[in-house]
Structure formats: C-alpha cells, structure tokens
Amino acid sequence: NIQDSMEHFVRGGSSAIEKLGDSFLVEPLCNESLLLWGASIPLLYPDHTERVNLLHELIRNNMPPDSSDILFPVSRFQVESCNWNESELQRCKLEILCWRLRISDMLGHFI
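For clarity, every value in this text was computed on a predicted model and none was experimentally measured.

Draft legend 1. Seen up close, the overall build of the protein chain. Across its full length, the protein chain carries seven helices and zero strands. For the protein chain, the succession of helices and strands along the chain, N to C, is α-α-α-α-α-α-α. The burial tally for the protein chain puts 28% of its 111 residues in the buried class. Pairs at least 24 apart in sequence give 60% of the contacts found in the protein chain among residues at least 6 apart. Split by element, the accessible area of the protein chain, about 7600 Å² in all, is 59% carbon and sulfur.

Structure below.
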C-alpha cells in the first residue's frame, strides 16, 4: 500500500523525506511539469487578455504583505525539495512566465 510506504518514510524524519523525494522522483517531475507549463503557455492561454490576466494574478499572489518590499528572491525556476507549498509553486510559475514572455513568440504581444 502506497500510504504505508509514505508513512514509513515520513516517520524517519527529514532525511527520510528526502529519500521519499528521491524514490518517487518528486522534484524532477515537478520541475519538468513546471517547465512544460511554461512552454505550453501559448496553447493554454491563446488569448492575449488571458496571458495578461495570468501575469497580473501571479504578480498579485506573489506580492509580499508589506508592499514596500517588492523584490522577489531569485531562484532557478526549480522546486528544490518535495516539501514545497502553494506560495513556492506560484513564485516558480511567475518566474517561468516572465522567462517565457522574453521569448520572441510571446515578446511581440507585450511590446
């Protein structure tokens, strides 16, 4: 049973959680799925207005509570552990979307 297997890893502490990530290849799968999402943005959001709304939503969701601090931490568009949360996922999506918007097929729509 997969539930029992996962509980076995979780009982072992943080090193066991890393083993869980390695065993199920969670991190590489998450990273590849995020990059695939970025590459398929023109297909998922064919209308320019949808892309603008997506960008606006991701920026709004990633704004820190104190709006005077508007700098985002730099990452490599990667989930770095199997313990990521929704805010980390949204930050990765924002970074990937910004990267994707700099590619010529998308760039022309935003100039």
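Draft legend 2. Expanded view of the side chain of Asn62. Looking at where Asn62 falls in the secondary structure, it is placed in helix 5 (residues 48-62). Note on Asn62: relative accessible area 11%, which makes it buried. Side-chain polar atoms of Asn62 contact the backbone oxygen of Gln90, separated by 3.3 Å.

Draft legend 3. The pattern of salt bridges, seen in detail. Applying the stated criterion across every chain yields a total of two salt bridges. Among the salt bridges present, the one from Glu95 reaches Arg91, with a minimum N-O distance of 3.4 Å. In this pair, Glu95 and Arg91 both sit in helix 6 (residues 86-101), four residues apart, roughly one turn of the helix. Under the relative-accessibility criterion, Glu95 is labelled buried at 14%.

Draft legend 4. Focus on the environment of Glu57. Tracing the backbone through its elements, the reader meets Glu57 in helix 5. For Glu57, a relative accessible area of 37% puts it in the partly exposed group. For the pair formed by Glu57 and Leu94, sequence separation is 37 residues and the distance between their alpha carbons is 9.2 Å.

Draft legend 5. Representation of the packing of aromatic side chains. Scanning all chains against the criterion turns up zero aromatic pairs. For the cation-ring pair, Lys93 lies above Trp37, with the distance from its terminal atom to the ring centre recorded as 5.1 Å.

Draft legend 6. Representation of the nonpolar core in the model. If you look at the biggest cluster of nonpolar residues, it comprises 13 residues, and the most contacted ones within it are Trp37, Leu58 and Leu97. At the level of elements, helix 3 (26-39), helix 5 and helix 6 are the ones that each hand at least two residues to this core. By residue number, the principal contributor to this core is helix 6, which donates six residues. Those residues in contact with Trp37 that lie beyond four places of it in its chain are Leu44, Tyr45, Leu54, Leu58, Lys93, Ile96 and Leu97.

Draft legend 7. Region of interest: the packing of helix 3 against helix 6. The interhelical angle for the contact between helix 3 and helix 6, taken along N-to-C directions, is 40°, at an axis separation of 9 Å. Taken as axis vectors, helix 3 and helix 6 run oblique relative to one another. Relative to helix 6, the crossing made by helix 3 is right-handed. The segment helix 3 lies against helix 6, with Leu34, Leu35, Trp37, Gly38 and Ala39 engaging Leu89, Cys92, Lys93, Ile96, Leu97 and Arg100. Considering only residue class, the contact of helix 3 with helix 6 consists of eight nonpolar, one polar and two charged.

What counts and what doesn't
- Residues numbered from 1 in each chain as written.
- Predicted model: local features only at pLDDT ≥ 70, side-chain atom pairs only at ≥ 80, totals over all residues.
- Heavy atoms only, no water.
- Helix = DSSP H or I, 4+ residues; strand = E, 2+ residues; numbered from the N terminus.
- Buried < 20%, exposed > 50% of the residue type's maximum accessible area, 1.4 Å probe, protein only.
- Contact = heavy atoms within 4.5 Å.
- Areas by Shrake-Rupley, 256 points an atom, 1.4 Å probe, with all protein chains shown as cover.
- Polar contact = N/O pair within 3.5 Å; in protein donor to acceptor, adjacent residues only side chain to side chain.
- Salt bridge = Lys/Arg side-chain N within 4 Å of Asp/Glu carboxyl O.
- Phe/Tyr/Trp six-rings, centres within 6.5 Å; stacked < 30°, edge-to-face > 60°.
- Lys NZ or Arg CZ within 6 Å of the ring centre and 35° of its normal.
- Core = buried A, V, L, I, M, F, W, Y, C linked by side-chain atoms within 4.5 Å.
- Axes fitted to C-alpha atoms, helices over the stretch in contact; angles between N-to-C directions.
- Parallel < 35°, antiparallel > 145°, perpendicular 65-115°, else oblique.
- Left-handed = near helix turned anticlockwise from the far one by under 90°.
- Nonpolar A, V, L, I, M, F, W, Y, C, P; charged D, E, K, R; others polar.

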